[in-house]
Amino acid sequence: MMSPQRAVRKALFRKKYRCIPGVFIRLTVGVCAVVPSWMFRLVLKIPAVKRLLDRV
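Bear in mind that the values here come from a model prediction, so they are computed numbers and not experimental data.

(A) Seen up close, the overall build of the protein. For the protein, the helix and strand inventory stands at four helices and zero strands. Secondary structure elements in the protein, listed N-terminal to C-terminal, are α-α-α-α. Looking at the protein as a whole, 2% of its 56 residues qualify as buried.

(B) Spatial organisation of the layout of surface pockets. Reported here for the largest pocket is a volume of approximately 230 Å³. With four residues, the top contributor of residues to the lining of the largest pocket is helix H2 (residues 23-34). Taken together, the residues of the lining of the largest pocket sort by class into six nonpolar, one polar and no charged.

(C) Focus on the confidence of the model for the protein. On average, residues of the protein score 75 in pLDDT, and 71% of them reach the 70 mark or higher. Within the protein, the lowest mean pLDDT, 69, falls on helix H1 (residues 4-13), and the highest, 87, falls on helix H3 (residues 37-44).

(D) Looking closely at a nonpolar patch on the surface. A grouping of Trp38, Met39, Leu42, Val43 and Ile46 is seen on the molecular surface, where their side chains present a nonpolar patch of about 470 Å² in accessible area. Here tryptophan 38 is to be found in helix H3. On the accessibility criterion, tryptophan 38 (48% relative accessible area) is partly exposed.

Conventions and cut-offs
Residues numbered from 1 in each chain as written. Predicted model: local features only at pLDDT ≥ 70, side-chain atom pairs only at ≥ 80, totals over all residues. Heavy atoms only, no water. Helix = DSSP H or I, 4+ residues; strand = E, 2+ residues; numbered from the N terminus. Buried < 20%, exposed > 50% of the residue type's maximum accessible area, 1.4 Å probe, protein only. 1 Å grid on protein atoms, 1.4 Å probe; cavity = no way out; pocket = protein on both sides within 12 Å on 5 of 7 lines; lining within 4 Å. Points joined across faces, edges and corners; volume = space filled by probe spheres on them. Nonpolar A, V, L, I, M, F, W, Y, C, P; charged D, E, K, R; others polar. pLDDT = per-residue confidence, 0-100. Patch = residues over 30% accessible without salt bridge, like charges linked within 9 Å, V, L, I, M, F, W, Y side chains within 5 Å. Areas by Shrake-Rupley, 256 points an atom, 1.4 Å probe, with all protein chains shown as cover. Salt bridge = Lys/Arg side-chain N within 4 Å of Asp/Glu carboxyl O.

Below is the structure:
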C-alpha cells in the first residue's frame, strides 16, 4: 500500500493528474450527491465536455 503523499508525488511526476486523491474527489462526490441527474445530462450534452470525456 502506497501512502497518499507518495501517490501524489508519483502522479505529478508522471503527469497523471487523474490519480491525485484528496479534496477535489471529496468535493466532486458531494456535488454529485446534491445535483439532480437532469442537470448532469445537460452538462454532458456540451460539445467541449464530450470531447474531454472521450479522452478518458
